[in-house]
Protein chains: 2
Amino acid sequence: MSTPLSPTARSTVRRNAVRARTDRADLHAVLDAGLVGHLGLALPTGPLVLPTGYGRDGETLYLHGSTGAATLRAAAAGLPVCFTVTHVDGVVYSRSAFHHSMNHRSAVVQGTARLVTDPDERWHGLAVLTDHLAPGSWDHSRRPDRKELIATAVLALDLTEASVKVRTGPPGEDERDLAHPAADWAGVLPLHTVWGRPEPCPQLPPGTPVPQRVSSRA
Amino acid sequence: MSTPLSPTARSTVRRNAVRARTDRADLHAVLDAGLVGHLGLALPTGPLVLPTGYGRDGETLYLHGSTGAATLRAAAAGLPVCFTVTHVDGVVYSRSAFHHSMNHRSAVVQGTARLVTDPDERWHGLAVLTDHLAPGSWDHSRRPDRKELIATAVLALDLTEASVKVRTGPPGEDERDLAHPAADWAGVLPLHTVWGRPEPCPQLPPGTPVPQRVSSRA
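In this text, all values refer to a predicted model and were calculated from it rather than measured experimentally.

A. Broad picture of the relation of the copies chain A and chain B. In screw terms, the move from chain A to chain B is a rotation of 180° and a rise of 0.0 Å along the axis, fitting with an RMSD of 0.0 Å. Such a combination of rotation and displacement between the chain copies is what one expects of a two-fold axis. Scanning chain A for the C-alpha nearest the rotation axis identifies Thr193(A), at a separation of 2.3 Å.

So this is what it looks like as structure tokens:
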């Protein structure tokens, strides 16, 4: 039960396959490969964790949401946040129940988000967010108007306090389990995230070609 | 920027495509389809959100981790938690930057976790957790020994306070944007999670067959 996807520091020490990494390139790669992170705040009503879109520019993570959302308002008011991005890369089948695990990459960012108020940086943050979700879309869609801008809060979160964990490879077994009679197999069942075929909006004129920025992702 | 994957209640109200659902079957389906959730706690040092394995039995979610982990100890001591599971099903390309979105399913569970101390329920919780991650593995691996059991905390979280959000379908557009000159396309680029080919442990005897419980997932 020492899955590295349990809140445990132990497996990091015990198993070489799970490593806390400090390399910025690793951190950036994990963040850039994700679409959604989980934003956690300690609200007066209790902790709340919500799936949240994001985008990265250098050492800054941009988040956004409705100015009407309680979580966004709390984060914008200077409440500390934690933002976590996780990729599951496979299920690790071990000869023991205890050493079953997941291959994964995760990034945990802690800090206090800053409400972006400068109009230029707000505009930039929205471009970063849009192009992270849908590369090229900022230049191929109607830009936000005044009303939409007023309704949208943009937050910036510094990557100073961030850590990355990566687990790869086969199960880490106890020597005694290698020939255990109950264990008929061990190994990794990989998990992949793949794009499907683009589904055009029904209101699009028939025959509208799928742009390369969309089709090239799939 | 009204992506439902921003902390926003607004899009739920405004766009019919995003719905908060109360149906237990929907909740169970979202939880059962995931491998990892994000456990959030308000620690004295600030909020912390960690990827965490889980398993469900009826209206109970089982979590586990090392008894040495600060987060697990805090949750076991009765600190409120939030546990969130999210599936991203596609990127929604809109004719406006503002209405770009993600198709997704997410479940948010709030409550106070209970440290499971009854030996029978602990054993049951570990079986549920193992078989959620790797169906059939509990019966095909060495069961936890005394030392492993001592090192493992099992928590139970009730699903009473849980909500589900699901967004499906094409972009929700403003009428005025349908023929916007900057917008050359709109639609959904679906995202799928698929299993890869099983990778046998290098220490397995050559020719060991992949059991059906593993191969049938892929």
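B. Representation of the pattern of salt bridges. Going through the model one piece at a time under the given rule, you end up with 26 salt bridges over all chains. Here Arg114(B) and Glu121(B) are joined by a salt bridge, their closest N and O atoms 3.0 Å apart. Glu148(B) is paired through a salt bridge with Arg142(B); the nearest N and O atoms lie 2.8 Å apart. The exposure classification of Glu148(B) matches that of Arg142(B), with both residues buried. Ionic contacts of the salt-bridge type, sharing partners, join the residues Arg142(A), Asp145(A), Glu148(A), Asp174(B), Arg176(B) and Asp177(B) into one network.

C. Seen up close, the confidence of the model for chain A. The predicted model of chain A has a mean per-residue pLDDT of 90, with 90% of residues at 70 or higher. Segment residues 1-16 of chain A is flagged for pLDDT under 50; beyond a separation of four residues in sequence, or across chains, it makes 65 contacts in the model.

D. Representation of the side chain of His87(B). Residue and element names in this part refer to chain B. For His-87, the position within the fold is in strand β5 (residues 80-93). Given a relative accessible area of 12%, His-87 falls into the buried group. In this structure the side chain of His-87 is engaged in a polar contact, spanning 2.8 Å, whose partner is the backbone oxygen of Val-30. With residues up to four places along the chain from it excluded, the contact list for His-87 reads Val-30, Ala-33, Gly-34, Asn-103, His-104 and Arg-105.

E. The arrangement of the side chain of Arg213(B) in detail. Turning to its location among the elements, Arg213(B) is positioned in helix α6 (residues 212-215). Judged by its relative accessible area of 15%, Arg213(B) falls in the buried class. Looking at Arg213(B), its side chain comes within polar contact range of the side chain of Asp184(A), at 3.1 Å. In this structure, Arg213(B) is in contact with Tyr93(A), Asp184(A), Pro135(B), Gly136(B), Ser137(B) and His140(B), ignoring residues within four places of it in sequence.

F. Geometry of the environment of Gly136(B). All names here are of chain B. Relative to the helices and strands, Gly-136 is located in the loop between α4 (119-133) and α5 (146-151). Given a relative accessible area of 27%, Gly-136 falls into the partly exposed group. Those residues in contact with Gly-136 that sit more than four places away from it in its chain are Asp-131 and Arg-213.

G. Expanded view of the layout of surface pockets. Estimated volume of the largest pocket: approximately 1,000 Å³. Thr86(A), Thr193(A), Thr86(B), Val88(B) and Thr193(B) are, among the 41 residues lining the largest pocket, the residues nearest its centre. For the lining of the largest pocket, the elements supplying multiple residues, two or more each, are β2 (36-43), β5 (80-93) and β10 (187-195) of chain A together with β2 (36-43), β5 and β10 (187-195) of chain B.

H. Summary view of helix α2 (residues 24-32) of chain A. All names here are of chain A. Taken residue by residue, α2 has Leu-27, His-28, Val-30 and Leu-31 as its buried positions. Across the axial projection of α2, the buried residues extend over an arc of 165°, all falling on one side. Buried positions along α2 lie against β3 (46-57), β4 (60-66), β5, β6 (101-112), α4 (119-133) and β9 (162-167). The N-terminus of α2 is capped by Asp-23, whose side-chain oxygen sits 2.7 Å from the backbone nitrogen of Ala-25.

I. Here's a closer look at the pairing of β10(B). With five bridges connecting them, β10(A) and β10(B) associate as antiparallel partners. Looking at the pairing, His192(A) lines up with Val194(B) of β10(B). In terms of strand pairing, strand β11 (residues 199-200) of chain A meets β10(B) through two bridges, oriented antiparallel. For Pro200(A), the partnering residue across the bridge sits in β10(B) and is Gly187(B).

How each quantity is defined
- Residues numbered from 1 in each chain as written.
- Chains lettered and ligands numbered in written order.
- Predicted model: local features only at pLDDT ≥ 70, side-chain atom pairs only at ≥ 80, totals over all residues.
- Heavy atoms only, no water.
- Least-squares fit on C-alpha atoms with pLDDT ≥ 70 in both.
- Salt bridge = Lys/Arg side-chain N within 4 Å of Asp/Glu carboxyl O.
- Buried < 20%, exposed > 50% of the residue type's maximum accessible area, 1.4 Å probe, protein only.
- pLDDT = per-residue confidence, 0-100.
- Contact = heavy atoms within 4.5 Å.
- Helix = DSSP H or I, 4+ residues; strand = E, 2+ residues; numbered from the N terminus.
- Polar contact = N/O pair within 3.5 Å; in protein donor to acceptor, adjacent residues only side chain to side chain.
- 1 Å grid on protein atoms, 1.4 Å probe; cavity = no way out; pocket = protein on both sides within 12 Å on 5 of 7 lines; lining within 4 Å.
- Points joined across faces, edges and corners; volume = space filled by probe spheres on them.
- Arc of directions from axis to C-beta.
- Pairing = 2+ DSSP bridges.

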